[in-house]
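# Commentary on secondary and tertiary structure
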Amino acid sequence: MVKREIELRIATPLFMGGLTTIHRNKKVINTNLNSNSIKGVIRWWFRTLHGWDNQKLHKEESNLLGSIDSASSVKMRIESDILSSNEWNENDFPVNEMFGSYNITNSRTGRLIPVNYNGLKYLSYFNCVPDRREETVHRYYSVGQSFKLILIAKSDTITNILPIIWLWLQFGGSGYRSRRGFGKLEILNSFSFEEFQFKNKYNNIEDYSNTITKNIKLIRNKYQITGNNSIPFLGNSNLFTCFQEVNNDWKEALNLAGVTMQRYRNRMKPDYSTLRRRFSNPILLEKPIFGLPIRFKFTSVRKSGTINNYHEDNETRFSSPIIVSVTKINNKYYPQYLILNFDFNKLDARVNAIFNRANTQSANVSVDNMAVPNFIHHLKTFSVNSTNYNYDQIF
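A brief structural summary. Here the structure is a predicted model, which is why all the values come from computation and not from measurement.

## Quick word on the pairing of strand S1 (residues 2–10)
- With 8 bridges connecting them, S1 and strand S9 (residues 146–153) associate as antiparallel partners. Across the sheet, the residue bridging to Val 2 is Ala 153, located in S9.
- Alignment of S1 against strand S10 (residues 185–187), held across 3 bridges, turns out to be antiparallel. Paired with Ile 10 across the bridge in S10 is Leu 185.

## Points about helix H1 (residues 35–50)
- Helix length check: H1, at 16 residues, gives a terminal C-alpha distance of 22 Å against a target of 22 Å (1.5 Å per residue), a fit within 8%.
- Burial in H1 covers these residues: Ile 38, Lys 39, Val 41, Ile 42, Arg 43, Trp 45, Phe 46, Thr 48, Leu 49 and His 50.
- Where H1 begins, the capping side chain belongs to Asn 34, and its oxygen is found 3.1 Å from the backbone nitrogen of Asn 36.
- Just beyond H1, the residue with positive phi is Gly 51, at close to 75 degrees.

## Section: empty space enclosed by the protein
- As enumerated under the stated definition, the model contains 2 cavities of 30 Å³ or more in all.
- By volume, the largest cavity is sized at about 180 Å³.
- Taken together, the elements giving at least two residues each to the lining of the largest cavity come down to helix H4 (155–171), S10 and strand S18 (322–329).
- Here the residues of the lining of the largest cavity are counted per class, giving 6 nonpolar, 3 polar and 5 charged.
- Computed from the structure, the second largest cavity encloses a volume of approximately 30 Å³.

Calculation notes
- Residues numbered from 1 in each chain as written.
- Predicted model: local features only at pLDDT ≥ 70, side-chain atom pairs only at ≥ 80, totals over all residues.
- Heavy atoms only, no water.
- Pairing = 2+ DSSP bridges.
- Helix = DSSP H or I, 4+ residues; strand = E, 2+ residues; numbered from the N terminus.
- Expected span 1.5 Å × (residues − 1).
- Buried < 20%, exposed > 50% of the residue type's maximum accessible area, 1.4 Å probe, protein only.
- Polar contact = N/O pair within 3.5 Å; in protein donor to acceptor, adjacent residues only side chain to side chain.
- 1 Å grid on protein atoms, 1.4 Å probe; cavity = no way out; pocket = protein on both sides within 12 Å on 5 of 7 lines; lining within 4 Å.
- Points joined across faces, edges and corners; volume = space filled by probe spheres on them.
- Nonpolar A, V, L, I, M, F, W, Y, C, P; charged D, E, K, R; others polar.

Printed below as a string of structure tokens:
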């Protein structure tokens, strides 16, 4: 058996959920960092890597990470001091609001109110239906704390799982909002196995680009990547990173990442015009690439509704193939976007709406084939007030 210790530092607030408590009309979602939660994240990246598809991969996943019928072939545990947590309040993290403003409509007066773009608030939005009877608060583990992830398994098992762990640590996060930049963990102890490199820091942009592209090439050569199914997968995915320096701590890096997406999604066309008028069937939309469900409301025509994803006629979430995170280069943080492969022709999405409080409409949804290319073009050419914040393609 081989033991591998990976020292990790919390780089962005970590919402690793635990028990929910209710006290005086206040619901608190507490923190709980444990090996089962970490294993769940690794399982997600296993499926994303392979393109979850067939019984062979199902068996391989069960052997590696366990299932109802079989134990995991890798023992995993966490060692740490007591980690402190706080109640989330987005106002505790002020950022530079230098990316312009947009207008929202006051629901009572109908007047337009200018609001500054704030990408950190945008990415941290907790997508739940508010309950007027009680306040919901999420607790999170604070940035800067560290812990050890300890793996014990046979040598070949360690070799198989480490590249999956690298994908998770480099491009993703853990816990709530992990695909929107939160729960980012940094490696503190550098190590290598075979030709694969885990680095605790990148010295410069060239070191970052070279290491990333080399590791991705090794992963693509090592693993079976099919993607013949209904989830986003690694395949010929693309990574984009913005190297513009904007007071590069984690908050400003996430702020820039969030504003990048927010300014694109705030475009009213073409989806706004399509949803506002009477539906044809099917309707062609762009915004499902950012995940489903999507709720909309047009007060001017008294129309509201939801775009849902379906699996076997049951409503289910669709996770966006667009993953936001930050990366650290020479002690500065930069935003990065990983865009996974996905065949949107396999998405079973439908829109249901009600207007004038009584009439209903529904239609099937097709995703515009240019939706992802359009967003990539936005990343490559993004600018605000004549200042370029364009993202470079790494692979």
